[in-house]
Amino acid sequence: MSARRPVRLAVHHVTAYDYASPVEWAYHVACLAPRDTRWQRVQAWRLAIDPLPDGWAGLGVEDLQRRLYADPWGNRHLNFGHARVHERLSVESWFEVELQPRPAPDATRGPAWESVVEQLRYRAGRPLLEAEEFALASPHAVPDDSLAAYARRAFPRNRVLAAGGLQLMRMIHTDLRYLPHSTTVATRATDALAQRSGVCQDFAHVFLGACRALGLAARYVSGYLLTRPPAGQPRLVGADASHAWVELWCPEQGWLALDPTNNMPADQDHVTLAWGRDYADVAPLRGLLRGGSGAPKVAVTVAPLDAPA
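Throughout this description, residue numbers start from 1 for each chain and increase along the sequence as written. Only residues with pLDDT of at least 70 get local features here, since the model is predicted, and only at 80 or more are side-chain atom pairs given and counted; chain-wide, interface and lining totals rely on the full set of residues. Neither water nor hydrogens contribute to the side-chain values; these are computed over all heavy atoms in the structure.

**Describing the pattern of salt bridges**
Keep this limit in mind: A pairing counts as a salt bridge when a side-chain nitrogen of Lys or Arg comes within 4 Å of a carboxyl oxygen of Asp or Glu. Put simply, DSSP H or I for four residues or longer makes a helix, DSSP E for two residues or longer makes a strand, and each gets a number counted from the N terminus. Relative accessibility thresholds used throughout: buried, under 20% of the residue-type maximum; exposed, over 50%; partly exposed, between the two (1.4 Å probe, protein chains only).
Overall, the coordinates contain 13 salt bridges when judged by the stated rule. Ionic pairing is found between aspartate 50 and arginine 88, a salt bridge with its closest N-O pair at 3.2 Å. One end of the pair, aspartate 50, is in strand 2 (residues 40–50); the other, arginine 88, is in strand 5 (residues 86–99), with 38 residues separating them in the sequence. Residue arginine 88 is classed as partly exposed on the basis of its relative accessible area, which comes to 36%. When the shortest N-O distance is used, the salt bridge between arginine 121 and glutamate 118 registers 2.7 Å. Residue classification places glutamate 118 among the partly exposed residues on the basis of a relative accessible area of 36%. By sharing partners, the salt bridges in this structure join Arg102, Glu130, Arg219 and Glu247 into a single network.

Laid out in structure tokens, this is it:
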């Protein structure tokens, strides 16, 4: 079998608000600048906001880059505001990305999950591991008894960590129904598990909460899915908007990228935007408004750049 080739994709993300009443004042934080990773190289990112934010007149691409600031996990955020009345807001992001193929998770390689939990336990006097903070509770993924019981179905005693992670991914895909509008951005993992439904961010939060209930480390990944798959390939769930999946820390294999919504390891269909403890750390756009109301309309297109062979 020949080695897989890199894939080049173009991404266009639009978030549009048509407010029910005029907005008198607004302040927003955007997390829309994609990050380079071991498997992903980003090119030509640009952003357009209408109406133009205060102080943005005459800004070029380099000026925009200088306004970005990094959070503790290396994601880049951007603040902008409007101190004048407006009735709509449009935020558009474009970029190109080259994705290298990722190795498939190996369910037979690595330690039992219990030994990884021991590695993650805090001990005074030793350096902190990068993964340790992702084993702690976060607002959307607070561990409880229900999540712990659910996790133990995937992680019986002495099971290899990677095997347990793959099983938990399959369980969530089977047990939860993908049901748009059944949850909100404030829904927590315990609620999504109890009602057995949600969208991609809920599937991810259940995975995070279940792992953390056992003392394992997993992080939330925001990004995009290939909207128009190659001929003969199925269209993935969640491709019309921002997507979310998880990464489970496995000492021997690194961060294992798993997509519970689609029951598959993340690979060259998945474009990474940012990662954090849960959705709250990497929401694509959030803000404070005086006046105005209404839900945004989000449209995402991810298309191949390379012509078919």
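**Observations concerning the side chain of glutamine 40**
As a reminder of what qualifies: Think of a polar contact as two N or O atoms within 3.5 Å of one another; within protein, one of them needs to be a possible hydrogen donor and the other a possible acceptor, and neighboring residues in sequence only count if both atoms come from side chains. A contact between two residues is defined here by any heavy atoms of the two lying within 4.5 Å.
Summarising the element assignment, glutamine 40 is placed in strand 2. For glutamine 40, a relative accessible area of 4% gives the class buried. In terms of polar contacts, glutamine 40 uses its side chain to reach the backbone carbonyl oxygen of threonine 272, at 2.8 Å. In this structure, glutamine 40 is in contact with Arg35, Val97, Glu98, Leu99, His270, Val271 and Thr272, ignoring residues within four places of it in sequence.

**Re a nonpolar patch on the surface**
Under the convention used in this document: Within the patch definition used here, like charges are joined within 9 Å and nonpolar side chains (Val, Leu, Ile, Met, Phe, Trp, Tyr) within 5 Å, considering only residues with over 30% relative accessible area and no salt bridge. Per-residue and other accessible areas were derived by the Shrake-Rupley procedure at a 1.4 Å probe size, with only the shown protein chains allowed to occlude residues.
On the surface, Trp25, Tyr27 and Leu288 cluster together to form a nonpolar patch covering roughly 310 Å² of accessible area. Tracing the chain through its elements places tyrosine 27 in strand 1 (residues 7–33).

**Describing the pairing of strand 4 (residues 76–82)**
The cut-off we apply is this: Here, strands pair whenever DSSP counts at least two bridges between them.
The buried fraction of strand 4 amounts to five of the seven residues, a majority that puts the element mostly inside the structure. Judged from the two bridges that link them, strand 3 (residues 69–70) and strand 4 form a sheet pairing that is antiparallel. When the sheet's bridge partners are listed, alanine 70 is paired in strand 4 with arginine 76. Taking the residues that link successive antiparallel strands as the turn, the strand 3-strand 4 hairpin has five residues, and the phi of glycine 74 there is positive, at about 90 degrees.

**Details of the pairing of strand 12 (residues 270–276)**
Where burial is concerned, most of strand 12 is hidden: seven out of the seven residues are buried. Direction of pairing for strand 8 (residues 218–225) relative to strand 12: antiparallel, over a ladder of six bridges. Note on strand 12: the bridge partner recorded for tyrosine 224 is valine 271.

**A word on helix 4 (residues 161–175)**
We count it as follows: Helix span, expected: 1.5 Å multiplied by one less than the number of residues in the helix.
Over its 15 residues, helix 4 runs 21 Å from end to end, which matches the ideal 21 Å to within 8%, given 1.5 Å per residue. Buried residues along helix 4 sit in contact with helix 2 (113–120), helix 3 (145–154), helix 6 (200–214), strand 9 (243–250), strand 10 (254–259) and strand 11 (264–265).

**Structural notes on the sheet that holds strand 9**
Across the sheet, five strands lie side by side as 11-10-9-8-12; this open sheet has antiparallel pairing. Taken across any chain shown, the strands that pair with only one partner, and hence form the sheet edges, are strand 11 and strand 12. Taken together, the five bridges between strand 9 and strand 10 define a ladder with antiparallel strand orientation. Across the sheet, the residue bridging to cysteine 250 is glycine 254, located in strand 10.

**Examining unusual backbone geometry**
Each neighbour pair has its own omega, and for aspartate 50 with proline 51 the value is 0 degrees, a cis peptide bond. Among the secondary structure elements, proline 51 is positioned in the loop between strand 2 and helix 1 (61–67). Despite not being glycine, alanine 44 has its phi angle at roughly 60 degrees, a positive value. Note that alanine 44 resides in strand 2. Residue class for alanine 44 comes out exposed when judged on its relative accessible area of 58%. In this structure, arginine 196 is a non-glycine residue whose phi angle is positive, near 55 degrees. You can see arginine 196 is positioned in the loop between helix 5 (189–195) and strand 7 (197–198).

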